[in-house]
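# Fold and contact review
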Amino acid sequence: MASPDTITIRRPDDWHLHFRDGETMRAVVPHTARQFARAIVMPNLSPPVTTTSMAAAYRDRIVAAVPAGVAFTPLMTAYLTDDTDPDDLAQGFESGVLTAAKLYPAGATTNSASGVTDIRKIDRVLERMAEIGMPLCVHGEVTSADIDIFDREAVFIERVLAPLIERMPELRVIFEHITTRQAVDFVDSAGENVAATITPQHLHINRNAILVGGIRPHMYCLPVAKREEHRLGLRKAATSGSAKYFLGTDSAPHHRHAKESDCGCAGIFNAPFALESYLTVFEEEGAIDRFEAFASLNGPGFYRLPVNEDEVTLERADIPVPYEVDGGDARVVPFHAGERLGWRLRA
Ligand code: DOR
Ligand code: ZN
């Protein structure tokens, strides 16, 4: 069967995203609001969004940055620390301010210094979340200095995630931005309470993209891209039709100078062409018919939220991706910069 020239699907959501704050936030929110109806907003600001009231205030700042006439709803998360108050979290979830809570192992990534130092320290919080059905978003990497950076996700499954789910089989867990075959195997074999998001970059690049021919800081994110066999495993999972996998861009803007530095920040800014980037993968895999499930149905299904009623259309077009875009106080280099994409989201 020939590939179609347009595809119309229910409006998608982004189930994992970084907006930052201030001028950067105001510059990047329109990109996401153009493509998605809702997004799970990560709380790793500085200082982090650790309470319900901080999340409500952050939500209001995001809403104020949505362009007039655009319908977009940020779904807020709270950043778990060793001292998170289970009552505040439960109140935030039950009042609708919080959609989920985010586990950053302390030191795993950008602004994670206040994260959880030992998962056992938040058992009471996690038990409460399991009780009320509040989803847990997990950055799944161990942080021990003796574990190789390319092994940190696989070791996290063994040491932290599998035991956690064993202890709390009711807890609803999203294994965020998975990067390995081990993660796919784990999610496939876990119960219905375990799902995963997959980013566009981990479907497009392997670790060579970061290191071959020179260091490419704009291809660097965490968890870092792995070997080709892992990329292929992720493509298979995303396009498999399994309801356990859904779209989460992990779009993470850092200003150009902060990436191109002697200690460049982790994060890939993919918001401007996220849908076009994912659809390219689904087409290459001969799975355009499964794109809607991944982008628009599986996420709401897992989060127990209604699917969006309106639709979007993507059409074939030859789209040059700019080398940089406005990032508020400075420029940001988008994913696919300087490349051409074969699809365009119709305005
Ligand atoms: O690459 C990443 N960037 N991974 C993360 O986990 C955090 C994110 C960020 O906030 O920049
Ligand atoms: Zn992230």
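First things first, this report covers the structure right here in the doc. Since the structure is predicted, the reported quantities are computational estimates derived from the model, not experimental observations.

A side chain of one charge can pair with a side chain of the opposite charge when the charged atoms of the two come close. Counted according to the given criterion, the structure contains 23 salt bridges. A salt bridge links glutamate 309 to arginine 10, with the nearest nitrogen and oxygen atoms 3.7 Å apart. One end of the pair, glutamate 309, is in the loop between α12 (291-303) and β10 (311-320); the other, arginine 10, is in strand β1 (residues 6-10), and 299 residues separate them in sequence. Taking the relative accessible area as the measure of exposure, glutamate 309 reaches 65% and is therefore exposed. For arginine 235, the salt bridge goes to glutamate 285, with nearest N and O atoms at 2.7 Å.

A few words now on the site of ligand 1. Every one of the 13 residues lining ligand 1 counts as a neighbour, but Arg20, Asn44, Thr109, Leu222 and His254 are closest to it. Contact between ligand 1 and arginine 20: an oxygen atom at 2.7 Å from a side-chain N or O atom of the residue. Within the side chain of threonine 109, an N or O atom sits 3.0 Å from an oxygen atom of ligand 1. Considered on its own, ligand 1 offers 290 Å² of accessible surface; in the complex 100% of this is hidden by protein. Considering only residue class, the shell around ligand 1 consists of 4 nonpolar, 7 polar and 2 charged.

Right, let's talk about the sheet that holds strand β13 (residues 340-345) for a bit. The strands that make up a sheet are held in pairs by hydrogen bonds between backbone atoms, and each pair lies either parallel or antiparallel. Within the open sheet, the 3 strands sit side by side as β1-β10-β13. Their pairing is antiparallel. Edge positions in the sheet fall to β1 and β13, since each has one partner strand and no second. Here the average twist between neighbouring strands, direction ignored, is 35°. Looking at chain direction, β1 and β10 are connected through 5 bridges and run antiparallel. Bridge pairing links threonine 8 to threonine 313 in β10. Those strands touched by helix α11 (residues 274-284) are β1, β10 and β13, and its axis lies near 110° from that of β13. In this fold α12 packs onto β1 and β10, with an angle of close to 25° to the strand it touches most, β1.

Scoring rules and cut-offs
Residues numbered from 1 in each chain as written. Chains lettered and ligands numbered in written order. Predicted model: local features only at pLDDT ≥ 70, side-chain atom pairs only at ≥ 80, totals over all residues. Heavy atoms only, no water. Salt bridge = Lys/Arg side-chain N within 4 Å of Asp/Glu carboxyl O. Helix = DSSP H or I, 4+ residues; strand = E, 2+ residues; numbered from the N terminus. Buried < 20%, exposed > 50% of the residue type's maximum accessible area, 1.4 Å probe, protein only. Near = heavy atom within 4 Å. Polar contact = N/O pair within 3.5 Å; in protein donor to acceptor, adjacent residues only side chain to side chain. Areas by Shrake-Rupley, 256 points an atom, 1.4 Å probe, with all protein chains shown as cover. Nonpolar A, V, L, I, M, F, W, Y, C, P; charged D, E, K, R; others polar. Pairing = 2+ DSSP bridges. Axes fitted to C-alpha atoms, helices over the stretch in contact; angles between N-to-C directions. Contact = heavy atoms within 4.5 Å.

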